[in-house]
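Chain residues, written in single-letter form:
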Amino acid sequence: MIYKGVPVSPGIALGKVHVLERYAHKVYRRSILTSEIKSEIARFRKAISETGKDLIEIEEKVHKALGSKKSGIFKGHRFFLEDKILVSGTEDIIRSQMTNAEFAFSMTLSKITSQFLKIKNDYLKERARDISELGGRIMAHLSQRTDETPWDKMRENSIIVAGNITPADTTNMKANLVAAFVTEVGGRTSHTAILARALEIPAVTGLKDITMQLTDGQGIIVDGISGIVITDPDEETVTNYKREKKKYWDEQHSLQKLVELPTITKDGKTFHLLANIEIPEEIQTALAYGAEGVGLYRSEYLFINSSSVPTEEEQYLKYKLVAEKMLPYPVIIRTIDLGADKLADSVDIPDEPNPTMGLRSIRLCFRVPEIFKNQLRALLRASVSGNLKIMIPMITNVSEIIKVKTILEEIKRDLKEKNIPYDGNVQFGVMIEVPSAALMVDLIAAEVDFISIGTNDLAQYILAADRSNENVRYIYEPMNSAVLRLIKYVIKTAHEHKTPVAMCGEMASDPAFTKLFIGMGLDEFSMSAISIPKIKKIIRMVNYEEACQFANKMVGELSLTPAVENIGAEDKTLS
Ligand code: PEP
Ligand code: MG
């Protein structure tokens, strides 16, 4: 079979299918006979008691590793196993509707979680998440699956096939020698795709129902360049793809020759290409591909990959390491950008009906000031170790910038009093990824040392199309004139205020836009390290003057009168 999906991370892999079951199961309804009721109820009770045993075991392990505060969660789960609605409710459905235990239990579970979600209380909404997790464990026992360790069965050269995978899963993949992955959902700018590129794992997304169609052990080829996935390939296809794979690597090696060469246009204008990184270990790859600094360090991955909030000291050591390793180049560390599709176990993120437009990123940081202040403190302390810059994501209005600057000043005062060194001139910048910020960039530019355009989110909000949603992928089109006009406006206006402009969204690594952005005057490009050589190759072939004319011709001018002082809405719940 040949499938065509979205190529999100380049490379070719040949291997065996490994369906990540956790995402593949559906609950089916099976009618039962009166004589089966007793055995179905017994099966359900056995699943409950086995789940209870698991929880005691996990509670002990977590207690040893992380203390009673964390292990208490599992005690709470155990109490819930005795809940009347959960237990009797399921048994009643088995009896009255003469149905299998899995189906009866899933009905009870969705009734309970939806009741919790209706309550306007973040704590209780969080409990709905706990209950779903507990439900997953019970369901795993009922259907005799051991879902907690989907990585255990992984063999070398496994190719993961899953409904979806989380950014946290992607790091697991590297450790488990996964050769490639294929998912049902997620586009080029989903965080899973971004991480796959960072880890150089070929990946194809957007293959609807693929988990239903494939089985473990089937032969599979994943072409992350064209988005083609082939199952049960014949010998000739295997030979052809082995050849393609070699060709891909040969090309990569020939691009490597560019690493030592400067990034300069034919008529002598120099550009800087920086790397986006998610984990400090990527510094080696970034340098190997010729990055002249880190234009975006997505620091939230420190939180995503940890079961507890990283302490100030832990963060300080990581930031220091990255800044030192990159010297003399700059490292822009973005403060935590959690929420939407990036979740961390240790940070309470409320379940919201529309998380992409909700309490994410800097908005969330203001709700957890201790975590945010700890991070800023760690960043300031690390600032003496290299050329470190601080960047704030998802800025919507000027008042948010002023608020962050006030917090930074407080921390600086405290550090000074305690004689703890920090760089008093540490550069401070923001991301432009919300249309309101782009349209008010004249006011924003006056407040910051630099800005960086986050085109992944900016395009999503301009076009009102979720960047990870398959159904609206045809609308999520960065080539759209509205997106290009606004980018041009941001660069031009920021330059009028003498503020340099970088771009760290995926458009920066798309060769289709390189000449255009050069012509628009973009100062810096930041991207997955693997894309640096191919963008450098284009820049070295372009003539700057010609690119400027091209940009003027291709993208219409957006002209606005200067914004009046309007600092935007304040969150009154915070004062
Ligand atoms: C962006 O939105 O373009 C960006 C770089 O940030 P992220 O992809 O992490 O949301
Ligand atoms: Mg973003």
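Residues numbered from 1 in each chain as written. Chains lettered and ligands numbered in written order. Predicted model: local features only at pLDDT ≥ 70, side-chain atom pairs only at ≥ 80, totals over all residues. Heavy atoms only, no water.

Q: Would you explain the domain arrangement of the chain in this entry?
A: Accessible area lost during the coming together of the parts is what is often quoted as the interface size. One can read the domain layout of the chain as domain 1 (24-142), domain 2 (158-255) and domain 3 (259-574). On a C-alpha basis, the centres of domain 1 and domain 3 stand 42 Å from each other. (Domains from an automatic or database assignment.)

Q: Looking at this structure, how should I read empty space enclosed by the protein?
A: Leftover empty space is mapped by rolling, across the atoms, a probe with the size of a water molecule. Across all of its chains, the model carries 3 cavities of 30 Å³ or more by this definition. Its boundaries defined by the atoms lining it, the largest cavity holds a volume of some 80 Å³. Lining the largest cavity are 15 residues, and of these Arg298, Arg334, Glu433, Asn456 and Asp457 sit closest to its centre. Put simply, the parts of the chain that give the lining of the largest cavity at least two residues each are β10 (294-298) and α18 (455-463). Computed from the structure, the second largest cavity encloses a volume of approximately 50 Å³. Lining the second largest cavity, in full, are Ile336, Leu338, Val347, Ser361, Leu364, Cys365, Val368 and Ile371. When the residues that make up the lining of the second largest cavity are grouped by side-chain class, the tally is 7 nonpolar, 1 polar and no charged. (1 Å grid on protein atoms, 1.4 Å probe; cavity = no way out; pocket = protein on both sides within 12 Å on 5 of 7 lines; lining within 4 Å. Points joined across faces, edges and corners; volume = space filled by probe spheres on them. Helix = DSSP H or I, 4+ residues; strand = E, 2+ residues; numbered from the N terminus. Nonpolar A, V, L, I, M, F, W, Y, C, P; charged D, E, K, R; others polar.)

Q: Explain the nonpolar core here, please?
A: Note that soluble globular proteins tend to have their nonpolar side chains buried in a common cluster. Ranked by internal contacts, the top residues of the largest apolar core, which has 121 residues, are Ile451, Ile487, Phe517 and Phe525. Per-element accounting of this core gives the leading share, 8 residues, to helix α19 (residues 481-496). Looking at this core, you find at least three residues from each of domain 2 (158-255) and domain 3 (259-574). When residues no more than four places from it in sequence are discounted, the contact partners of Phe525 are Phe271, His272, Leu273, Leu274, Met503, Ala508, Thr514, Phe517, Ile518 and Ile539. (Core = buried A, V, L, I, M, F, W, Y, C linked by side-chain atoms within 4.5 Å. Buried < 20%, exposed > 50% of the residue type's maximum accessible area, 1.4 Å probe, protein only. Contact = heavy atoms within 4.5 Å.)

Q: Just to check I follow, could you spell out the sheet that holds strand β14 (residues 450-453) for this structure?
A: Pairing between the strands of a sheet comes from backbone hydrogen bonds, and it takes one of two forms, parallel or antiparallel. An order of β9-β10-β11-β12-β13-β14-β15-β16 is seen for the 8 strands of this closed barrel, with the pairing classed as parallel. Across the sheet, the mean angle from the axis of one strand to that of its neighbour is 25 degrees, orientation sign disregarded. Bridge count between strand β15 (residues 501-503) and strand β16 (residues 524-528): 2 bridges; the pairing is parallel. Bridge pairing in β16 places Met503 opposite Phe525. Across the sheet, helix α15 (residues 398-417) touches β12 (387-392) and β13 (427-432), and the angle it forms with β13 is around 155 degrees. (Pairing = 2+ DSSP bridges. Axes fitted to C-alpha atoms, helices over the stretch in contact; angles between N-to-C directions.)

Q: So what exactly am I meant to see when it comes to the packing of aromatic side chains here?
A: The relative placement of two aromatic rings is captured by the distance of their centres and the angle of their planes. Scanning the model with the defined rule gives 6 aromatic pairs in all. On the basis of an interplanar angle of 40 degrees and a centroid distance of 5.8 Å, the ring pair of Phe44 and Phe105 is categorised as tilted. In this pair, Phe44 sits in helix α1 (residues 37-66) while Phe105 sits in helix α4 (residues 101-118), placing the two residues 61 residues apart along the sequence. According to the relative accessible area criterion, Phe44 is buried, its value standing at 0%. Here Tyr248 and Trp249 contribute two aromatic rings whose centre-to-centre distance is 5.3 Å and whose plane-to-plane angle is 70 degrees, an arrangement assigned as edge-to-face. Across from the ring centre of Phe271, 5.6 Å away, lies the NZ or CZ of Lys269, which sits over that ring. Sitting over the face of the ring of Phe550, Lys515 holds its NZ or CZ atom 4.7 Å from the ring centroid. (Phe/Tyr/Trp six-rings, centres within 6.5 Å; stacked < 30°, edge-to-face > 60°. Lys NZ or Arg CZ within 6 Å of the ring centre and 35° of its normal.)

Q: I'm lost on unusual backbone geometry in this one. Help?
A: Both trends apply: most residues other than glycine have a negative phi, and most peptide bonds are in trans. That bond from Leu327 to Pro328 is cis: its omega, 5 degrees, falls within 30 degrees of zero. Here Pro328 is to be found in the loop between α12 (312-326) and β11 (330-334). The phi dihedral of Ala340 is positive, around 55 degrees, even though this residue is not glycine. The residue Ala340 is located in the loop between β11 and α13 (362-367) in this model.

Q: Would you explain the coordination of the magnesium ion (ligand 2) in this entry?
A: Octahedral metals with six donors have ideal donor angles of 90 or 180 degrees. Tetrahedral metals with four donors have an ideal donor angle of 109.5 degrees. Donor atoms from the polypeptide that bind the magnesium ion (ligand 2) are Glu433 (OE) and Asp457 (OD), placed at 2.0 to 2.2 Å. Taken as a pair, Glu433 in the loop between β13 and α16 (435-439) and Asp457 in helix α18 lie far apart in primary sequence, 24 residues in all. For the pair Glu433 and Asp457, a shared accessibility class is recorded, and that class is buried. (Donors = N, O, S within 2.8 Å, 3.2 Å for Na, K, Ca; no water.)

Q: Honestly, the site of ligand 1 in this entry has me stumped. Any pointers?
A: Surrounding ligand 1, one finds 16 residues, the nearest of these being Arg298, Arg334, Gly454, Asn456 and Arg467. One of the side-chain N or O atoms of Lys342 is found 3.3 Å from an oxygen atom in ligand 1. In the model, an oxygen atom of ligand 1 is placed 2.7 Å from a nitrogen or oxygen of the Arg467 side chain. Taken atom by atom, the bulk of ligand 1 overlaps the largest cavity. Contributing elements (two or more residues each) for the shell around ligand 1: α7 (191-198), β10 and α18. It is α18 that contributes the most residues to the shell around ligand 1, 3 residues altogether. Each residue belonging to the shell around ligand 1 can be placed in one class, and the counts come to 4 nonpolar, 5 polar and 7 charged. (Near = heavy atom within 4 Å. Polar contact = N/O pair within 3.5 Å; in protein donor to acceptor, adjacent residues only side chain to side chain. Sits in = over half its atoms within 2 Å of the grid points.)

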